[in-house]
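Single-letter residue listing:
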Amino acid sequence: MHSLKKSIPKICMIGSYYTGADFVIQAEEIAKYLEKEGISVYRTSFKKNRILRLLDMCLCLITKQNYYNIIQVQSHSYKSFIFPAISTIIGRILKKKIIIMYYGGAAKHFFAQYPHLIKWIFNKVDIIVAANKYMGRIFKQYGFSTEIIPHVLDISCWRYRNRLTPEPKLLWVRHFRKDYNPLMALNMFNILKNKVPKAVLKIVGEGDLKPEIDSYIHKHHLKDVHLLGRITHKELVELYNWADFFINTSIVDNQPVTILEAFASGLVVISTNVGGIPNIISDGINGILIPSNNVEKMAEKIYFLLNNKNSFASLAKNGNLSIRNFGWENIYKKWLQVYNTLIL
């Protein structure tokens, strides 16, 4: 049985909770589970506008200070870093304990551009949480230690299907940003389509690269590509159930929850080997890793697996088994250790 020390943590969990977000953020997943464990969690902010969200966060930290003893912030890079930065400063003034969960895939470049800012803020933080050893190594380069706590996934929200014989049904899920490189998926599919005419690619997401994606599809007369935009969770579950292959094409990344969702659903995951992804995918064991932007290699691997059902089935099975590491039972133990360190 898990236990806390006599002083109970009361959390102010800071993240972007606004309605219409593309996914359930980790701050919300953690908050939901903590409340089930009897731990008080106050969330901020639900404002969509960035300025209003920042003001709301500051107001909540000040006016609700008697309701929490720990500030816990989900942090990312560049413009989004203003939220952990400001909350850390306020937290220090209010003499609160501060945890930053740093999930920004672009950390390596961001830290290199703003080293003084990074050191100034993180020197004021009590505990830095990273999702994997990759991110931990980046912090170590700047003199900071981290607690490694992987993302948590509510496995019950995803429908597992045992896949034995592959079909050329491909799924890509992410925001249309350069970091996530959606055009690589189209380039790869264009190559695969020449070998596998029945192949179908469904793409979930939206963003600034939408015009480039539309242009590529039109220019190359690419058929059987379905751009689905933003969809509901129920629709996403159905898509994971439909597909046999999940492709991830990131240029930089940390620990994509979409890969964990694909594992939970039983898909074979084929991804670029960037950032923290090799910490969750062992090449040839529970998924396939390829060099960034190598469209030929990705198409080649999918073609191979379509014609080698034993290898396909083995990858699908092992991918699903690996999701157990991201269940709440394991993750909660790690969070308890963090809270017990802070609350005396």
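Anyway, here's the lowdown on the structure attached to this text. It should be emphasised that the depicted structure is a prediction, and the values quoted were computed from it without experimental measurement. (Residues numbered from 1 in each chain as written. Predicted model: local features only at pLDDT ≥ 70, side-chain atom pairs only at ≥ 80, totals over all residues. Heavy atoms only, no water.)

**Details of unusual backbone geometry**
Working step 1: Put simply, Thr44 and Ser45 share a cis peptide bond, and its omega is 10°.
Working step 2: For Asn181, which is not glycine, the phi dihedral falls at a positive 55°.
Working step 3: Here Asn181 shows up in the loop between β7 (169-173) and α7 (182-195).
Working step 4: Residue classification places Asn181 among the buried residues on the basis of a relative accessible area of 11%.
Working step 5: Backbone geometry places Asp224, a non-glycine residue, at a positive phi of 65°.
Working step 6: Of the residues examined, Asp224 reaches a relative accessible area of 34% and is grouped as partly exposed. (Helix = DSSP H or I, 4+ residues; strand = E, 2+ residues; numbered from the N terminus. Buried < 20%, exposed > 50% of the residue type's maximum accessible area, 1.4 Å probe, protein only.)

**Focus on the state of the cysteines**
Among covalent bonds in proteins, the disulfide is the one between the sulfur atoms of two cysteines.
Working step 1: Here the structure, examined in full by the defined rule, presents 0 disulfides.
Working step 2: Take Cys12: it sits in no disulfide, and the sulfur closest to it among the cysteines is that of Cys60, at 6.9 Å.
Working step 3: The class of Cys12 is buried, set by a relative accessible area of 0%. (Disulfide = S-S within 2.5 Å.)

**A short note on the packing of aromatic side chains**
Working step 1: Tallying each qualifying case throughout the model produces 21 aromatic pairs.
Working step 2: Relative to Trp328, the ring of Tyr33 lies with its centre 4.8 Å away and its plane at 10°, an arrangement referred to as stacked. Taken as a pair, Tyr33 in helix α1 (residues 26-36) and Trp328 in helix α13 (residues 328-342) lie far apart in primary sequence, 295 residues in all.
Working step 3: Judged by its relative accessible area of 10%, Tyr33 falls in the buried class.
Working step 4: A relative accessible area of 9% places Trp328 in the buried class.
Working step 5: Ring geometry for Phe81 against Phe122: centres 5.8 Å apart, planes inclined by 45°, an arrangement best described as tilted. Highlighted residues: Phe81 in the loop between β3 (70-75) and α3 (82-93) and Phe122 in helix α5 (residues 115-122), separated in sequence by 41 residues. Assigned by exposure class, Phe81 and Phe122 land together as buried.
Working step 6: An aromatic cluster is present here, built from Tyr78, Phe81, Tyr102, Phe110, Phe111, Tyr114, Phe122, Phe139, Tyr142 and Phe144 joined pairwise through their rings.
Working step 7: The ring centre of Tyr303 lies 5.1 Å from the NZ or CZ of Lys195, which sits over that ring. (Phe/Tyr/Trp six-rings, centres within 6.5 Å; stacked < 30°, edge-to-face > 60°. Lys NZ or Arg CZ within 6 Å of the ring centre and 35° of its normal.)

**Some points on the sheet that holds strand β9 (residues 225-229)**
Working step 1: Reading across from one edge, β9-β8-β7-β10-β11-β12 is the order of the 6 strands in this open sheet, with parallel pairing throughout. Of all strands in the sheet, those bounded by a partner on one side alone are β9 and β12 (288-290). Between one strand axis and the next, the sheet turns by 20° as a mean value, whatever way the strands run.
Working step 2: Taken together, the 4 bridges between strand β10 (residues 245-248) and strand β11 (residues 268-272) define a ladder with parallel strand orientation. In the sheet register, Asn248 faces β11, and the bridge partner there is Ser271.
Working step 3: Against the sheet, helix α11 (residues 295-306) engages β7, β10, β11 and β12, with an angle of about 170° to β10. (Pairing = 2+ DSSP bridges. Axes fitted to C-alpha atoms, helices over the stretch in contact; angles between N-to-C directions. Contact = heavy atoms within 4.5 Å.)

**Topic: the pairing of β3**
Working step 1: Most of β3 is tucked away: 6 of the 6 residues are buried.
Working step 2: Burial along β3 is two-sided: Ile70, Gln72 and Gln74 facing one way and Ile71, Val73 and Ser75 facing the other are all buried.
Working step 3: As judged from the 4 bridges shared by strand β1 (residues 10-14) and β3, these two strands associate in the parallel manner. Paired with Ile14 across the two strands is Val73, which belongs to β3.
Working step 4: Inspection of the sheet shows β3 paired to strand β4 (residues 97-102) by 6 bridges, in the parallel sense. Considered in β4, the bridge of Ile70 is made with Lys97.

**Regarding a nonpolar patch on the surface**
Working step 1: Where nonpolar side chains cluster on the molecular surface, the patch consists of Tyr78, Ile89, Ile93, Tyr114, Leu117 and Trp120 and spans about 580 Å² of accessible area.
Working step 2: Mapped onto the fold, Tyr114 is located in the loop between α4 (107-113) and α5.
Working step 3: On the basis of relative accessible area, Tyr114 is assigned to the partly exposed category, the value being 38%. (Patch = residues over 30% accessible without salt bridge, like charges linked within 9 Å, V, L, I, M, F, W, Y side chains within 5 Å. Areas by Shrake-Rupley, 256 points an atom, 1.4 Å probe, with all protein chains shown as cover. Salt bridge = Lys/Arg side-chain N within 4 Å of Asp/Glu carboxyl O.)

**Things to note about the nonpolar core**
Working step 1: Formed by 35 residues in total, the largest nonpolar core has its most connected members in Leu170, Leu186, Met188, Leu201, Phe245, Ile247 and Ile302.
Working step 2: Leu201 has contacts with Leu170, Leu171, Trp172, Ala185, Leu186, Phe189, Asp224, Val225, His226 and Ile247, leaving out every residue within four places of it along the chain.
Working step 3: In this structure, Ile98, Phe110, Ile118 and Ala130 belong to the second largest nonpolar core, which totals 32 residues. (Core = buried A, V, L, I, M, F, W, Y, C linked by side-chain atoms within 4.5 Å.)

**Describing helix α9 (residues 233-242)**
Working step 1: All of the buried residues in α9 are Leu236, Val237, Leu239, Tyr240 and Asn241.
Working step 2: The secondary structure elements touched by the buried residues of α9 are β7, β8 (200-204), β9, β10 and α10 (257-265).

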